[in-house]
Amino acid sequence: MTTDEGGWTVIQKREDGDVDFYRTWKDYKHGFGNASKNYWIHVGNDAVRALTRDQNQELRVYLKRYNGEQAYAKYTTFYIGDENNKYTITVSGYSGTASDSLAYHNGMRFSTYDQKNDNAVEGSCAIEYRGGWWYNWCHKSNLNGEYALSPVIGPKYPTWLYWKNTFEALQKTFTLCRSVDWIREEKTCRLNTRFPIKNVSPLMTEDSIIHVDRKNFPQHLVGDCLNYSCTEDAICIRGNCLPVLAEKIYKDCSEILKRNSSRKGQDGIYIIYADTRREVFCDMTTDGGGWTVIQKREDGDVDFFRTWKEYKHGFGNASKNYWIGNDAIHALTRDQNQELRVDLRRFNGEQAYAEYAIFYIGDENDKYYITVSGYSGTASDSLAYHSGMRFSTKDQDNDTSEDDENCAEVYRGAWWYGWCLRSNLNGQYSQSPVHGPQYPVWLYWKNSFEALKKTVMMIRHKN
């Protein structure tokens, strides 16, 4: 009730990465998060529609960089359509200090990773840029993108391109709306925006940048630049002329280490291309390094009791708690030449591991069935029981139990359940070493369903 004489309704708010904004159409329709910190307004896009349907609202977007610098964008006209019209946005009349990164999205329909309504000829902008937004082809703002804990550069983060003419990840964003006649009507709302479109990743150093030409650049990233052409030192990517500097194309973490021996011991976030561009955590230390982490759990910040589509595409933050995505695991292992390592830690600090000489999964048509064998390690083998099983989630039951129960539903996870489990690493996280098969467990380590504190699954090419 303070900014610009107050009366603003906050419709979007992001202060840190505690809430995942890479959500489904239904999540954005109904809203999510906590209004005090990180959220998309309660009742979601339906609420934004209800607040703005009189077409008498103004919009304000507040932005803050990691260095503390702040700016805002204000629009005299703002409203969205109903669900039948895919929540089409109408926005115009810019003023402010952040430059206008929303006009490009005017007239666009809302998109999420499970409902593509953008104008991109190929691919889904929501999936590519990890958000829910009024994507065009694809964006100049992306306020609901993947939260970053530092000012990295990339179009998948919460960004506002024309403020600094870069896709720099923002620390804080608020989107608000208010009736033009708010003193009489007392209506308010707030919005979020996020962009990524810079070709050179902020995560890269000089040794990971190369000069490329059009014919050698990955074709799935090249698009039509519409009514303009790029200069000689630029390439057209998703409708944008970008410098002909590009990320090296690495298939997985083992290839990164093989080509850059200086990376040994440097664990962290790297970019790979497992069918599509992905951020992953690379373990460059354990047993020689080169491991691509496909699952990681350190605490209960991210809910792993998710849908089939969420496990298909992946979720979470690669630096802490995440699932890389079943499509990615299939892409990484389809040559059937990968080994798997599972690292486990109890709440008392005791650690163990299990390694498997053979690991791969099928594609979605085969329900991502798992093949795993060749155990060695200190944790005992709690995965052989699951070999040959199909993946199950709470909304897709593919287990082999003979009754009507869904193991994923009963044991609060998603896994290659048989009838039902000997391990359940995606189960419900516990803050203490309680006992029960619904928790992240590895039965044969201690012959007990004791909840584990930390689990990591990672794969590496054998050669």
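Residues numbered from 1 in each chain as written. Predicted model: local features only at pLDDT ≥ 70, side-chain atom pairs only at ≥ 80, totals over all residues. Heavy atoms only, no water.

As a further point, take the layout of surface pockets. The calculated volume of the second largest pocket comes to roughly 590 Å³. Along the walls of the second largest pocket sit 31 residues, with Gly17, Asp18, Val19, Asp20 and Val302 positioned nearest its centre. (1 Å grid on protein atoms, 1.4 Å probe; cavity = no way out; pocket = protein on both sides within 12 Å on 5 of 7 lines; lining within 4 Å. Points joined across faces, edges and corners; volume = space filled by probe spheres on them.)

Let us look at the state of the cysteines. The term disulfide refers to a covalent linkage connecting the sulfur atoms of a pair of cysteines. Here the structure, examined in full by the defined rule, presents 3 disulfides. Between Cys125 and Cys138 runs a disulfide, and the two sulfur atoms are separated by 1.9 Å. Its torsion about the S-S bond being -80 degrees, the disulfide of Cys125 and Cys138 is classed as left-handed. Taken as a pair, Cys125 in helix 3 (residues 125-128) and Cys138 in the loop between helix 3 and helix 4 (161-164) lie far apart in primary sequence, 13 residues in all. Like Cys138, Cys125 is buried. At a sulfur-sulfur separation of 1.9 Å, the disulfide partner of Cys253 is Cys282. Every disulfide takes its handedness from the sign of the S-S torsion; for Cys253 and Cys282 that torsion is -75 degrees, giving left-handed. You can see Cys253 sitting in helix 6 (residues 253-259) and its partner Cys282 sitting in strand 14 (residues 276-283), a full 29 residues away along the chain. (Disulfide = S-S within 2.5 Å. Helix = DSSP H or I, 4+ residues; strand = E, 2+ residues; numbered from the N terminus. Buried < 20%, exposed > 50% of the residue type's maximum accessible area, 1.4 Å probe, protein only.)

Taken together, Asp397, Glu402, Asp403 and Asp404 make up a surface patch of like negative charges. Along the chain, Asp404 turns up in the loop between strand 20 (370-377) and helix 9 (407-410). Classification of Asp404 as exposed rests on a relative accessible area of 81%. (Patch = residues over 30% accessible without salt bridge, like charges linked within 9 Å, V, L, I, M, F, W, Y side chains within 5 Å. Areas by Shrake-Rupley, 256 points an atom, 1.4 Å probe, with all protein chains shown as cover. Salt bridge = Lys/Arg side-chain N within 4 Å of Asp/Glu carboxyl O. Lys, Arg positive; Asp, Glu negative; His and termini not counted. Charge placed at Lys NZ, Arg CZ, Asp CG, Glu CD.)

Core analysis: the biggest nonpolar cluster contains 61 residues, and Trp323, Leu340, Phe359, Trp416, Trp442 and Met457 have the highest contact counts within it. Look past the residues within four positions of Trp323 in its chain and what remains in contact with it is Ile294, Gln295, Phe304, Tyr311, Gly314, Phe315, Ile329, Phe391, Trp416, Asn426 and Met457. Counting residues in each nonpolar core, the second largest holds 45 residues, with Val48, Leu63, Tyr75 and Leu176 among its members. (Core = buried A, V, L, I, M, F, W, Y, C linked by side-chain atoms within 4.5 Å. Contact = heavy atoms within 4.5 Å.)

Our next topic: the side chain of Arg178. Relative to the helices and strands, Arg178 is located in strand 7 (residues 172-179). Residue classification places Arg178 among the buried residues on the basis of a relative accessible area of 4%. Within the structure, Arg178 has its side chain in polar contact with the side chain of Glu58 (distance 2.7 Å). (Polar contact = N/O pair within 3.5 Å; in protein donor to acceptor, adjacent residues only side chain to side chain.)

Below, the discussion takes up the confidence of the model for the protein. Taken residue by residue, the protein gives an average pLDDT of 85. The fraction at 70 or more is 84%. Segment residues 182-247: pLDDT under 50, and 233 contacts once partners within four positions in sequence are set aside and those in other chains are kept. (pLDDT = per-residue confidence, 0-100.)

The subject of this paragraph is helix 2 (residues 44-52). Among all positions in helix 2, only Gly44, Asn45, Ala47, Val48, Leu51 and Thr52 are buried. The buried residues of helix 2 occupy one face: seen down the axis, they fall within an arc of 155 degrees. (Arc of directions from axis to C-beta.)

Quick look at the pattern of salt bridges now. Taken as a whole and assessed by the stated rule, the structure comprises 32 salt bridges. Among the ionic pairs, Arg130 bridges to Glu146, the shortest N-O distance being 3.6 Å. Pair noted here: Arg130 is in the loop between helix 3 and helix 4 and Glu146 is in the loop between helix 3 and helix 4, with a separation of 16 residues, a long-range link. Residue class for Arg130 comes out buried when judged on its relative accessible area of 16%. For Glu146, a relative accessible area of 16% gives the class buried.

The buried fraction of helix 8 (residues 326-333) amounts to 7 of the 8 residues, a majority that puts the element mostly inside the structure. All of the buried residues along helix 8 are Asn326, Ala328, Ile329, His330, Ala331, Leu332 and Thr333.

Moving on, we get to the environment of His313. Along the chain, His313 falls in helix 7 (residues 308-313). Spatially, the C-alpha atoms of His313 and Ile324 are 7.4 Å apart, while their sequence positions differ by 11 residues. Look past the residues within four positions of His313 in its chain and what remains in contact with it is Tyr22, Tyr113, Ile127, Arg130, Arg278, Ile324 and Gly325.

Scanning all chains against the criterion turns up 24 aromatic pairs. On the numbers, 6.2 Å between centres and 50 degrees between planes, the contact of Trp323 with Trp416 is tilted. Of this pair, Trp323 sits in strand 17 (residues 321-323) while Trp416 is found in the loop between helix 9 and helix 10 (443-446), placing the two residues 93 residues apart along the sequence. Exposure remark for Trp323: the relative accessible area of 1% places this residue in the buried category. When its relative accessible area of 0% is taken as the criterion, Trp416 is described as buried. Three or more aromatic residues joined by ring pairs make a cluster, and in this case those are Phe21, Trp25, Tyr28, Phe32, Trp40, Tyr87, Phe110, Trp133 and Trp134. Lying over the aromatic face of Phe21, Arg14 brings its terminal NZ or CZ to 4.0 Å of the ring centre. Its end group placed over the ring of Phe305, Lys394 keeps NZ or CZ at 4.7 Å from the ring centre. (Phe/Tyr/Trp six-rings, centres within 6.5 Å; stacked < 30°, edge-to-face > 60°. Lys NZ or Arg CZ within 6 Å of the ring centre and 35° of its normal.)

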